[in-house]
Every structure is written in structure tokens, then in C-alpha cells.
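Listed below are the residues making up each chain.
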Amino acid sequence: MTTVLHIVPELKPGGVEFYTLRMVDAITRAGARPLVASGPGALLADLNALGGEHIPFDAAAKNWFAWPARARALAKLIDRERVDLVHVGSRVPGWLAVLARRHRPFPLVMNYHGAYSEGFPGKRAYNAVMTKGDVCLASSRFTVEHVRARHPIDPAKLKRIWLGIDPTTFDPACINAKRANAVRAAWGVTADQRIILSAGRLVSLKGHDVVIAAADKIFAEHADAVIVIAGDDLGRADYRRRLDELIAQTTDPSRIRLVGNCTDMPAAFAVAHASVIGSVRPETFSYVAIESQAMGCPVISADAGAVSDTLATDDDAGRTGWLYPPGDASAMADRINAALRLTLQERDAIAERCRARVLDHFTLARMQRETLAEYDRLLGTGLAAAFNPDGTHHG
């Protein structure tokens, strides 16, 4: 049986960790054996439920002097568990895997997950480890260009595979009146109000201040519009307090809601008239953009990073969203107002295009199968053909 080892620092909720769980699920459904080496975390039960095996391993320590010993331990683990391929998506595990290959060669797949900063001398070289495997996976055209611009890499090693979501979870047909009404009630929004939703954790790079600055221009044209900012503040009380202060300075603070974490995001996007992404720095992918579109909700986004890859914005006939210059609140408001001016027929048409775009390009099964195909290319296996996204492996 083919054994694939994923390495993450900890099993805590996060983009790399959720990606790892999705690939554990794919490996299991392809009839192979998925292992995850990491520190502890809240996602251990999820890993076990998906058929993964957890191996306690310190892959988080950023102390460079400890890496040689950690790499030797990793090489021994790979030998002991008869690992056929290693897959990593963050830099410390990446360095440990590269160093471990000095002791024991093995196929290595890397995910270039972030638009990593280069704030101090040598940081680019540190980040470059994510290009040192046999394959470097990038989640968007933006990420591909980001990698090419910063690191010398053989073009044959750089592979773009869109990230994806489960379209059965994000399906407008599954949102009944009870779920929709529950979300509206939790937010204090009435049925005759139209929601502009800004979804994502409360961190400054998400540009919530830009959304708030756009509010007055939106409210001046649309008396039924409300802005809902839904996201966990992750304990950043000062940042949330700052947002409260900015809201208080608008013409109608009662129409801007900081609602905290939302546990039913499919219903949230279903009741929203538009989804706004205010990012002020480039990001390598946006799940919010594809989750919104899957629910038939058009997206207004800063033209920063990979979001522009996921939207159709060139003409009204094919439009699924609008872009605006990052940080430009007036331009954001103009795009939101354009979305609010849509007739019911136009809104239905754009909703249909949004969902079709996700089904064509951004499904979880497609991401899983294309990644398994990269494993097959390195191992000579048939995991992609054996992969059954609708049930467990029966081969």
C-alpha cells in the first residue's frame, strides 16, 4: 500500500492544516495510507475520522540549531513507516524535509501556500525552501507568478492546482428558510434589508476599515443596505475596538454590524446580496471568493493577489464580481452600489454564472484528483484513477 506523509507544525485550525485534512481524505479514498506528522492540536479527531494516522513530531520549532537532529528523526520516521512520498505546505517542515533527504532520499511535494514577506535579509532564501521539492504546487496564477519572480525554479516543477471547496456543502439548494432566517436573526437583519457581507477573521490585512469607510457612500444611495462584518477577532480586542470607533463615526452606525464568528457560512453567503473582500495586501488564494460564488453571491474584491484569478470581471455578460484598487473605499462603494442596482433578473443571472464558475474550476474533488495525479507522476502509481470522491475506496 502506498504511504503518503504530510507534515504540519500543529493540528490547529488553519489554511495549511485544513488543506492537509482534505488531502488525507483524498489519499484514503484512493486506497492509500495517509500519515500526518505534527504537534498536537484540535484537529486530531477530524484527522482520525478521515482515516489518517497521527505521528507526534516536532515540526514547529524555528530554532535552526535544532533542525539537523529533527531532520535525522524525520528520516528515521520515514524509514520506519515505509513512507513513499512526503508532502509539506509550510516552511519549517519544508526545511526539515529537505535536510532529511540528505539522510534518506524520497519524493517531496511542496505547497507554496503564502505570499511570504521578505522583511529582513535572508528571508527570501528562507522562503525559497518551498521550491526545493520535486514539485512546487501553487494555488493560483498569481502564486505561480509570485514564485517565478522571487525564486529560480525549473518551470516543469511548478504546477498550478486551484484550491477547491465541496459544492454539496456550499449549495444554495440546501439552504431552507429556517437556516436563512436563523442567520438573519443572529445578525439582527430584517427580511427587507439587503446584506453586504465581509467575511473573514478580524485582522488588519482584511481591510475592514476600508469597508467601513465605504459605508456612507453606500447608505446614501441604498436605504435598505446593511453591512455585516462576520469573523472571529482571535483575541485582538484592540483591533475590534478600533473598528467599533470607526463605525461610530459613520452616518448610521446601526447599519454596520460586527457579528463575530458565523457557524453557518453557506447560509450567510446565501442571504447576502454581495460579498466584499477588502484585502489590502496580496493573498495567494481566497476561499471566501469561491464560497460566495458557489452560493450564487457576487463578489466585490480588492484587486490584490489571487482573488482576480477566481472572479470573472471583464464584461457584464460573463461577470461574477467586480474589482477595485486596494484601499480605495470610494471605488469599493461604487462597485457595491453597482451590485445593489442589479435588477432581480440580472441578479439571478449573475448568481447562476457564479455557481457555474465554481463547478467548472474550484471543486474539492478536482483539487484532490489533480494533486493525486502529481503523486502518481512521482511514484508511478494510479491513485488519481482509484480516487472515489463520493465514498470510501472499494478497490
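An account of the accompanying structure is given in this report. (Residues numbered from 1 in each chain as written. Predicted model: local features only at pLDDT ≥ 70, side-chain atom pairs only at ≥ 80, totals over all residues. Heavy atoms only, no water.)

### Description of the pairing of strand β6 (residues 135-138)
Burial along β6 is two-sided: Val135 and Leu137 and Cys136 and Ala138, pointing in opposite directions, are all buried. In terms of strand pairing, strand β5 (residues 108-111) meets β6 through three bridges, oriented parallel. Considered in β6, the bridge of Met110 is made with Cys136. Taken together, the three bridges between β6 and strand β7 (residues 158-160) define a ladder with parallel strand orientation. Looking across to β7, one finds that Ala138 is bridged to Arg160. Chirality of the crossover, the property in question, places the unit of β6, helix α6 (residues 141-150) and β7 among those that are right-handed. (Buried < 20%, exposed > 50% of the residue type's maximum accessible area, 1.4 Å probe, protein only. Helix = DSSP H or I, 4+ residues; strand = E, 2+ residues; numbered from the N terminus. Pairing = 2+ DSSP bridges. Right-handed = clockwise from strand over helix to strand, strands pointing away.)

### A few points about helix α3 (residues 67-80)
Here α3 is 14 residues long and its end C-alpha atoms lie 20 Å apart, about the 20 Å a rise of 1.5 Å per residue gives. Listing the buried residues of α3 in full gives Trp67, Ala71, Leu74, Ala75, Leu77 and Ile78. Here the buried residues of α3 occupy an arc of 160 degrees about the axis, which is enough to place them on one side. Turned more than 90 degrees from where α3 packs its buried face, Lys76 and Arg80 sit exposed. Packing partners of the buried residues in α3 comprise β1 (3-10), β2 (33-39), β3 (53-56), β4 (85-88), α4 (91-100) and α5 (123-127). Phi for Arg82, located one or two positions after α3, is positive at around 55 degrees. (Expected span 1.5 Å × (residues − 1). Arc of directions from axis to C-beta. Contact = heavy atoms within 4.5 Å.)

### Structural notes on the nonpolar core
In terms of nonpolar packing, the biggest core is built from 55 residues, with Trp187, Ile195, Leu197, Met265, Phe269, Leu372 and Tyr375 touching the most fellow members. Residues contacting Ile195, with those up to four places away along its chain left out, are Arg184, Trp187, Val189, Val226, Val228, Val271, Ala272, His273 and Ala274. Membership of the second largest hydrophobic core comes to 36 residues, among which are Ala59, Val83, Ala97 and Phe106. (Core = buried A, V, L, I, M, F, W, Y, C linked by side-chain atoms within 4.5 Å.)

### Describing the side chain of Asp171
Structurally, Asp171 can be placed in the loop between β7 and α7 (177-187). When its relative accessible area of 18% is taken as the criterion, Asp171 is described as buried. Those residues in contact with Asp171 that sit more than four places away from it in its chain are Met295 and Arg355.

### What about the side chain of Arg357?
Topologically, Arg357 is positioned in helix α14 (residues 344-361). Although Arg357 is buried, it makes no salt bridge; Asp360 carries the closest opposite charge, 7.4 Å away. Look past the residues within four positions of Arg357 in its chain and what remains in contact with it is Gln293, Asp309, Thr310, Leu311, Ala312, Thr320 and Phe362. (Lys, Arg positive; Asp, Glu negative; His and termini not counted. Salt bridge = Lys/Arg side-chain N within 4 Å of Asp/Glu carboxyl O.)

### Remarks on the packing of helix α11 (residues 287-294) against α14
The geometry of α11 relative to α14 is characterised by a closest axis approach of 7 Å and an angle of 120 degrees between their N-to-C directions. In terms of orientation, α11 and α14 fall into the oblique class. Across from Ile290, Gln293 and Ala294 in α11, the residues of α14 making contact are Cys354, Arg355, Arg357 and Val358. (Axes fitted to C-alpha atoms, helices over the stretch in contact; angles between N-to-C directions. Parallel < 35°, antiparallel > 145°, perpendicular 65-115°, else oblique.)

### A few points about the packing of aromatic side chains
Going through the model one piece at a time under the given rule, you end up with six aromatic pairs. Each ring, one from Trp67 and one from Trp95, has its centre 5.9 Å from the other, and the planes form 20 degrees; the classification is stacked. Pair noted here: Trp67 is in helix α3 and Trp95 is in helix α4, with a separation of 28 residues, a long-range link. For Trp95, a relative accessible area of 24% translates into the label partly exposed. Within the aromatic cluster, the residues linked to one another by ring pairs are Trp64, Trp67, Trp95 and Tyr126. The positively charged end of Arg70 is found above the aromatic ring belonging to Phe57, 5.0 Å away from the centroid. Over the aromatic face of Phe219 sits the side chain of Arg255, whose NZ or CZ is 4.0 Å from the ring centroid. (Phe/Tyr/Trp six-rings, centres within 6.5 Å; stacked < 30°, edge-to-face > 60°. Lys NZ or Arg CZ within 6 Å of the ring centre and 35° of its normal.)

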